[in-house]
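If you want the building blocks of each chain, they are given just below.
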Amino acid sequence: TNALNNIPIIDFDDFDLAAGSLKQIPSGYRGLDWDNWYVIEKSYGFGMLLGTVSDHNVSFNGFGDPCSVSSTTPFSVAGFYATGVFRVDVNVLVESFDVSGNTIGTSITTLGHPSGGPTPIDLQGGGFDDIFRIRITSSGGTDAGLGDYGARVAIDDMVVSGSGI
């Protein structure tokens, strides 16, 4: 929980994973539906280790493809931390959608080198309140010398509020 305003933080540390293992985040986790999100134990290395803000797990977009979180009831996302897993200068596009599927918020951030650690993505006041879906798309970037396996992004400590979260 965010100590300043008592908003829940999804840190993915409630998954019990063996060192270096991963699993797909199931629908229903924290009252939300997750699409193409995985959680991994940070000892996997690379940007996963560098992108872990909380204790021992971090999430990421599978295969570098877009990932999303949705709900049948409105929720809000204040922000999260993001780190390029294998590339420097990865672009992160965050979009939010209303109940009809219309885009109501957009944020674009370019991440630095993974060794610089997580970049805060602040979504407050930008159309990310009372949404029904958020989509994160990563693209671009160049090999950071960690093996170039695409524009995957490690995501941790997502600040989310809403009914049932």
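Structure's up top.
The following refers to the structure shown. Because the structure is predicted, anything quoted here is derived from the model rather than measured.

Side note on the overall build of the chain
Assigned secondary structure in the chain consists of 1 helix and 13 strands. Walking the chain from its N terminus toward its C terminus, one meets helices and strands in the order β-β-β-β-α-β-β-β-β-β-β-β-β-β. For 165 residues, the compact-globule formula gives about 15 Å, and the C-alpha radius of gyration of the chain, at 15 Å, lands near that figure. For the chain, the spread of C-alpha atoms along the three principal axes comes to 40 × 30 × 30 Å.

Re the pairing of strand β6 (residues 67-84)
Bridge count between strand β3 (residues 33-35) and β6: 3 bridges; the pairing is antiparallel. Bridge pairing links Asp35 to Ser68 in β6. Pairing geometry for β6 and strand β11 (residues 131-139), over 5 bridges, is antiparallel. Within β11, the position partnered with Ser70 by the bridge is Arg133. Sheet topology note: the β6/strand β13 (residues 153-162) ladder contains 8 bridges and is antiparallel.

Quick notes on unusual backbone geometry
Phi is positive for Phe63, which is not a glycine, with a value near 60°. Summarising the element assignment, Phe63 is placed in the loop between β5 (57-61) and β6. Among the residues examined, Phe63 registers a relative accessible area of 59% and is labelled exposed.

Some details on the side chain of Thr52
Relative to the elements of secondary structure, Thr52 occurs in the loop between α1 (46-50) and β5. A residue is classified by how much of its surface remains accessible, and Thr52, at 13% relative accessible area, is buried. Apart from the residues within four sequence positions on either side, Thr52 is in contact with Lys42, Asn57, Val58 and Asp156.

How each quantity is defined
- Residues numbered from 1 in each chain as written.
- Predicted model: local features only at pLDDT ≥ 70, side-chain atom pairs only at ≥ 80, totals over all residues.
- Heavy atoms only, no water.
- Helix = DSSP H or I, 4+ residues; strand = E, 2+ residues; numbered from the N terminus.
- Rg over C-alpha atoms; globule rule 2.2 N^0.38 Å.
- Pairing = 2+ DSSP bridges.
- Buried < 20%, exposed > 50% of the residue type's maximum accessible area, 1.4 Å probe, protein only.
- Contact = heavy atoms within 4.5 Å.

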